[in-house]
Amino acid sequence: MDAPTFNKEFFIGRRKALIDSLPQNSTIFVVSADQLPRNGDQTYPYRQNSDLFYLTGIEQEQTILALCPNHPKEKFREVLFIRRSSKELEKWVGHKLTIDEARQISGIETVMWYDQFEDNLSELMFYSDNVFVVTNENMGYRRFYNDSDYRFIERIKFLYPLHNYRRLATYLINLRLRKQLEEIEVIKYAISLTARAFERVLNFVRPGVKEYEVEAEIIHEFYRHGVRNVAYQSIIASGKNACILHYIKNNSICEDGQLLLMDFGAEYLNYAADLTRTIPVNGKFTQRQLDVYQAVLDVQQQMIKQHIKPGVTIDFLNQKSKELMAERLVELKLLPKKILHESTDTIIKEVNKYYPHGLSHFLGLDVHDVGTKNIALEPGMIITVEPGIYIDEEDLGVRLENDVLITENGNLDLMSQIPLKPEEIEQKMRG
Ligand code: GLY
Ligand code: MN
Ligand code: MN
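We now turn to the structure provided with this report. Just so we're clear, the structure is a prediction, and the values are computed from it rather than from any experiment.

Time to look at the packing of aromatic side chains. Tallied over the entire structure, the rule returns 16 aromatic pairs. With a centroid separation of 6.0 Å and an interplanar angle of 65°, the aromatic rings of phenylalanine 6 and phenylalanine 53 are classed as edge-to-face. Taken as a pair, phenylalanine 6 in the segment before helix H1 (8-21) and phenylalanine 53 in helix H2 (residues 50-56) lie far apart in primary sequence, 47 residues in all. Ring plane angle 85° and centroid distance 5.8 Å describe the contact between phenylalanine 29 and phenylalanine 117, whose orientation is recorded as edge-to-face. Linking phenylalanine 29 in strand S1 (residues 26-31) with phenylalanine 117 in helix H5 (residues 117-126), this pair joins segments that are 88 residues apart in sequence. For phenylalanine 29, a relative accessible area of 1% gives the class buried. The exposure class assigned to phenylalanine 117 is buried, which follows from its relative accessible area of 7%. Aromatic ring contacts, followed pair by pair, group Phe6, Phe10, Phe11, Phe53, Tyr54 and Tyr271 into a single cluster. For lysine 322, the ring lying beneath its charged end belongs to tyrosine 355, and the centroid distance is 3.9 Å.

Here is the structure:
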């Protein structure tokens, strides 16, 4: 698959869709993520604020997008502020976007320097009553410092205390949930790299390899294709480590007879893939491993084939998967048969002993993308399907995770080409 790119028409279209959904007389501001310091002269790898990337394509720090669609002067209807470069700065950190480059990427004609923002602010504020600003309203995001969103809101409220400040997130989330064709192509590409990495790992894993060596194979495959970001820290968990849901130490030896759970995904153009596969370290499942694997696989495939379609919510799917899993846990003799006659609440509570997380989350710019679990699914949304069974007493954990696109009639499994059936995994590991 060739590497897709976004062109400026995509970002122009996203801004238009956002403006069309907002009340008249609105000004919108979205600011870039902070470049976080690490220690002397060092910073953490930069990752743009997902909302700002979605509306502009700009991946550089010190960027502000201002939209004033009703401004009487056309040049103020869309303004992008970017970091002012200098010979001195470029000597140390290399090229920064020129005004013209930022125009080309974003499709915004009026591009100014970041340090000119406050000089132009009265123009941007004067004609609007409603000022839409954004904070990271991802349900899983915990704010622990006054990040760029917060500092921006504090400053602008200080300068213009009498405007109506409103949440942009609800409008943006609505847009980000329904993927455009370009976004689907980009996610498919992230998935294709993730698939390549998995194929490579199938040829690599054997007793004695370290979890971090497996991780290195994955990352090497991404880098070989010019993709230097992972969508999240890879989970490479052998044996009992697989029972730790967010295990990221990845420093144990993969032993003969163990299973290896791997949850990883490439991030391409800021969009995530999210895959989990579980394989036998020595290339052959034991009967017990196979039984547990088959239970997880059956629940996953039943959910994909029968239940994931427009109109249902992730909450509903999660509950359904717990009910299906209850039957499988009885067959595996992990739960008593009588449990199946209990109330749904009791069933879920019991199932959660072995399958303690949810079935699905939205996927997009963020791996755990925006959108709550009570939203009715619609065509264009992408969710993960990731049931699991974790048995602490047996040092055994299995999770299988595919990403699916909701379609008019149901869903399309974007990971259907990635080996999943146990026979196929064993055969590839033999090869
Ligand atoms: N890797 C995070 C998740 O699967 O949700
Ligand atoms: Mn995952
Ligand atoms: Mn996931």
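Still to come is the rest of the account.
What follows deals with helix H9 (residues 211-224). Helix length check: H9 (14 residues) gives 20 Å between terminal C-alpha atoms against 20 Å at 1.5 Å per residue, within 8%. Looking only at H9, the buried set comprises Glu211, Val214, Glu217, Ile218, Glu221 and Phe222. Along the axis of H9, the buried positions cluster into a sector of 135°, meaning they face one direction only. On the buried face of H9, the contacting elements are helix H8 (181-204), strand S9 (229-230), strand S10 (235-238), strand S11 (259-264) and strand S12 (266-268).

Next up on the list: the pattern of salt bridges. Taken as a whole and assessed by the stated rule, the structure comprises 32 salt bridges. With a closest N to O distance of 2.8 Å, glutamate 221 and arginine 200 form a salt bridge. Of the two residues, glutamate 221 is situated in helix H9 and arginine 200 in helix H8; the sequence distance between them amounts to 21 residues. The buried category is assigned to glutamate 221, whose relative accessible area is 4%. With a closest N to O distance of 3.0 Å, arginine 328 and glutamate 331 form a salt bridge. Here the residue arginine 328 and the residue glutamate 331 both occupy positions in helix H11 (residues 314-331), the gap between them amounting to 3 residues, near one helical turn. Residue classification places glutamate 331 among the exposed residues on the basis of a relative accessible area of 52%.

Another point: H11. Within an α-helix, residues lying three or four positions from one another point in the same direction, as the helix has 3.6 residues per turn. For H11, which comprises 18 residues, the first-to-last C-alpha distance of 26 Å matches the rise-based estimate of 26 Å (1.5 Å per residue) to within 8%. Restricting attention to buried positions, one finds in H11 the residues Ile314, Leu317, Ser321, Lys322, Leu324, Met325, Ala326, Arg328, Leu329 and Val330. Contacts made by the buried residues of H11 are with helix H10 (287-307), helix H12 (344-351), strand S15 (382-385) and strand S16 (388-391). Backbone geometry just downstream of H11 places lysine 333 in the positive-phi region, at approximately 60°.

Another aspect to go through is the coordination of the manganese ion (ligand 3). For the manganese ion (ligand 3), the full set of protein donor atoms is Asp274 (OD), His361 (NE2), Glu386 (OE) and Glu401 (OE), and the range of their distances to it is 2.0 to 2.2 Å. Classification of the site at the manganese ion (ligand 3) as irregular follows from its 6 donor atoms and the range of 52 to 153° in their angles at the metal. As a motif over one chain, the donors of the manganese ion (ligand 3) read D-x86-H-x24-E-x14-E. Given the relative accessible area of 3%, aspartate 274 is considered buried. You can call histidine 361 buried: its relative accessible area is 9%.

A word on the sheet that holds S12. Taken together, 3 strands build an open sheet; the order of strands is S9-S12-S13 and the sheet is antiparallel. Where the open sheet ends on each side, the last strands, each with one partner, are S9 and strand S13 (271-272). As defined by bridge partners, S12 adjoins S13 across 2 bridges and the pair is classed as antiparallel. Across the sheet, residue tyrosine 268 finds its bridge partner in S13, namely tyrosine 271.

Taking every second residue as pointing to the same face, both faces of S15 are buried, with Ile382 and Thr384 on one and Ile383 and Val385 on the other. Strand direction decides the pairing type here: S15 and strand S18 (residues 402-406), joined by 4 bridges, are antiparallel. Following the sheet pairing, isoleucine 382 is matched in S18 by leucine 405.

Rules used throughout
- Residues numbered from 1 in each chain as written.
- Chains lettered and ligands numbered in written order.
- Predicted model: local features only at pLDDT ≥ 70, side-chain atom pairs only at ≥ 80, totals over all residues.
- Heavy atoms only, no water.
- Phe/Tyr/Trp six-rings, centres within 6.5 Å; stacked < 30°, edge-to-face > 60°.
- Helix = DSSP H or I, 4+ residues; strand = E, 2+ residues; numbered from the N terminus.
- Buried < 20%, exposed > 50% of the residue type's maximum accessible area, 1.4 Å probe, protein only.
- Lys NZ or Arg CZ within 6 Å of the ring centre and 35° of its normal.
- Expected span 1.5 Å × (residues − 1).
- Arc of directions from axis to C-beta.
- Contact = heavy atoms within 4.5 Å.
- Salt bridge = Lys/Arg side-chain N within 4 Å of Asp/Glu carboxyl O.
- Donors = N, O, S within 2.8 Å, 3.2 Å for Na, K, Ca; no water.
- Tetrahedral: all angles 85-135°; square planar, octahedral: opposite > 155°, others 65-115°.
- Pairing = 2+ DSSP bridges.

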